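Chain by chain, the residues run as shown.
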Amino acid sequence: MVMNEIIAAARKEDRTSLTELESKQILKEVGINTTEIELARSREEAVAHSQELGFPVVLKIVSPDILHKTDVGGVKLSLNNKEDVGNAYDEIISAIKKHQPSAKIQGVSVQPMARPATEVIIGMSKDPQFGPVLMFGLGGILVEVLKDISFRIVPLTMRDANEMIREIKGYPILEGYRGQEPANIAVLEQMLLKVSEFVDSKPEIKELDINPIFAYRDSALAIDARVILEP
Amino acid sequence: MKDIVGQLDRAFNPRSVAVVGDKMEMGYMWLRSLANFQGRVYSVQIDEKELQGIAALGVKNYSSLLDIPDEVDYVIVAVPRAVAPKIVQHCIQKQVGGVMLFTSGFAESNTNEGIRLQEKITEMAREANLNLIGPNCVGIFNPKIGLRHTTDQYWGDGGNVGFISQSGTHATFFTLVGEVNGIRISKSVSYGNAAVLDATDYLEYLGEDKDTNIIGMYIEGVENGRRFFSCLREIARRKPVLIWKGGGTDEGTRATASHTASLAGPPLLWDALIKQCGAIKVDNLDEMVDTIQALLYAKPTTGNRVGLAAMTGGHSVVITDAFARAGFEVPLLTERSYREFASFFNTIGSSYQNPLDMSSNLPHLDRIIRCLDILNDDEMIDVIVLDLPVVFLTRISWHISGFFDDLIDAIAEYKERSGKPLLAILISAHAESEAIEARKKLVARGIPSFPSFERGANALAKVVAYYKSTALQ
């Protein structure tokens, strides 16, 4: 299993924070739909991956030492051709060397640029009394400013998943407010249930943050993810 | 799961009780509360000054638990905290069914001595598998056998409502105010610091208890949240469980630490937990009492449409606001109902939209009841709410002798043939004692009543949400 190998590798390096690449590989294994993601260790590999995946693509730095990739110039969006991808690769590497020279660089991830949609988030943290707790909310500014989020204690039932999505104030937005594309609620429910099952069966996961998830009419896609292991 | 029922049954249904350390200074409150206990009562006291007072109560005193020549099922301990470990040791040797420590000054005092003593008695009790309730609590109330913690609690007939409270005050007040509201206790327990037995143990016990159909809980914190969660989830499927979480605000969580040394947990998580388990959230004693009263006496419904029968114009407006704010629909009635109203209803100074303002139809009992019958037959209506303004109805009784009582009789007769839930609201204004008397009469006839429109609406909203949620299971 990829998951166990990833966790073992992180343990060996004595780190609890998994990279976006590792986190997404784990999510994919438990059946959560994530963007395709390939690791490039050179400019040439980045170009090759982008051709396989199809343009436009996104390049992001992969380093266990970098938490906020955008802040250090580690993210390049909307790359439409081979040349842009190659240049973006070089720019990311030199930006990291400049801003955070001590960071251990595993490479640069290449991912297809996902079509924008309503953003939601799913998170898991642990309460000292109640253990793993799932959080659901709208993404972006709404979750930060309005604290429009709902909680459930793991394990979730189908009904819990159903209710925790519907009880956020922003639920009408997910239904497709004023002609916006509606989100597929059943798909989001399934995603919550899969996350619940996953964290319930893996006590060594300390925190999980899938943010954002793009919620489309007939699917949902994890765009960024972060897993933190128990020490 | 351990056999909590077998384990706690002796303590909850004792045939012999010993009180250790009761004294004059406390008015011998514990021995007096056992005046009607349907079993054997013993006292343990070594203070010479107290012996005469104890003898005067007709209770046999011993200088040690170990000297009592009988099995002891339940022990009430009111000694100074430093003596507690010795008494706990005696309870273990005596193999009692359970011991309750009224004694306080343990972990909740946040003193080294208090924490040390609590750790000590906890360790002793755990090792010996002793059922230790508390410390810092008032223990068990089982009215059927006259086991009480205060003499103003009733005894004799028990009921079907169980109550589990981390606070002694709330346990006592709930039993007292509950009685006025037609709520009688099967068994209740106040458990304070929960050093050994925790909320989950008592919940499991009452969950299995055949005499208990509804469970109310006042909780400040739980020891093992996971266990509480799965236990509540399982029991709330079978019996309504109402949860009043003390320390439900970030500020309030500070107070729980000094009251019962509880780790309160984040309020948002408790809200989620209650919902997830299908329990009912209440925020204060009034909501606890109102909601249980509605569960006990209002016919179950998942309907959302109320027919509002007010007795004055002013009430007809605000009763509508209160129920609409609580999320209810106040629909217009069918043409058939309106035709019937037109045949007898005096509309000068009154009206019959929905809400009804029936003032001009007073003091004709038959017309008031006819209004209720019309609402009962109207397919647009799920629940009927009747306004009984105590001051006006009492005033009518000044010149029509027995009017208010006759009205209550007529309502009770109506209720017998009605298929829909009925709630009465008694706004007391200044006539609070008259209102309480009338409410007692109503609930004795099986009619739930509430002291304000808002409280009635809120209680109805909670039970309708509960029945909807169980219907989904």
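## A few points about the interface of chain A and chain B
Tallying the contact residues gives ten residues for chain A and twelve residues for chain B. Those elements that place two or more of their residues in the side of chain A that touches chain B are β6 (131-138), β7 (149-153) and α6 (158-166) of chain A. Per element, the largest residue contribution to the side of chain A that touches chain B is three residues, and it comes from β7 of chain A. Among the residues forming the side of chain A that touches chain B, the class breakdown is four nonpolar, two polar and four charged.

## A few points about the environment of Lys441 of chain B
Among the secondary structure elements, Lys441 of chain B is positioned in helix α17 (residues 432-444). As for Lys441 of chain B and Asp409 of chain B, which are separated by 32 residues in sequence, their C-alpha atoms are 9.3 Å apart.

## Points about the sheet that holds strand β16 (residues 383-387) of chain B
Residues and elements named next belong to chain B. Strands sit in the order β14-β15-β13-β16-β17-β18 across an open sheet of six strands; the sheet is mixed. With one partner strand each, in any of the chains shown, β14 (351-352) and β18 (449-450) form the two edges of the open sheet. Inspection of the sheet shows strand β13 (residues 306-310) paired to strand β15 (residues 356-357) by two bridges, in the parallel sense. Bridge pairing links Ala310 to Asp357 in β15.

## Description of the confidence of the model for chain B
Across chain B, the average pLDDT comes to 95, with 98% of residues at or above 70. Across the whole predicted complex the pTM is 0.92, and at the interface the ipTM reaches 0.85.

## Description of helix α5 (residues 112-128) of chain B
Residues and elements named next belong to chain B. The end-to-end C-alpha distance of α5, which contains 17 residues, comes to 24 Å, matching closely the 24 Å that a straight helix rising 1.5 Å per residue would cover. Burial in α5 covers these residues: Gly114, Leu117, Gln118, Ile121 and Ala125. The buried residues of α5 occupy one face: seen down the axis, they fall within an arc of 100 degrees. Opposite the buried face of α5, at more than 90 degrees from it, the exposed residues are Asn112, Arg116, Arg126 and Glu127. The inward-facing, buried residues of α5 abut α4 (84-94) and β6 (132-133). The first or second residue beyond α5 is Asn129, which carries a positive phi of 55 degrees.

Cut-off values and rules
- Residues numbered from 1 in each chain as written.
- Chains lettered and ligands numbered in written order.
- Predicted model: local features only at pLDDT ≥ 70, side-chain atom pairs only at ≥ 80, totals over all residues.
- Contact = placed C-beta atoms within 7 Å.
- Helix = DSSP H or I, 4+ residues; strand = E, 2+ residues; numbered from the N terminus.
- Nonpolar A, V, L, I, M, F, W, Y, C, P; charged D, E, K, R; others polar.
- Pairing = 2+ DSSP bridges.
- pLDDT = per-residue confidence, 0-100.
- Expected span 1.5 Å × (residues − 1).
- Buried ≥ 20, exposed ≤ 12 C-beta atoms within 10 Å, placed from the backbone.
- Arc of directions from axis to C-beta.

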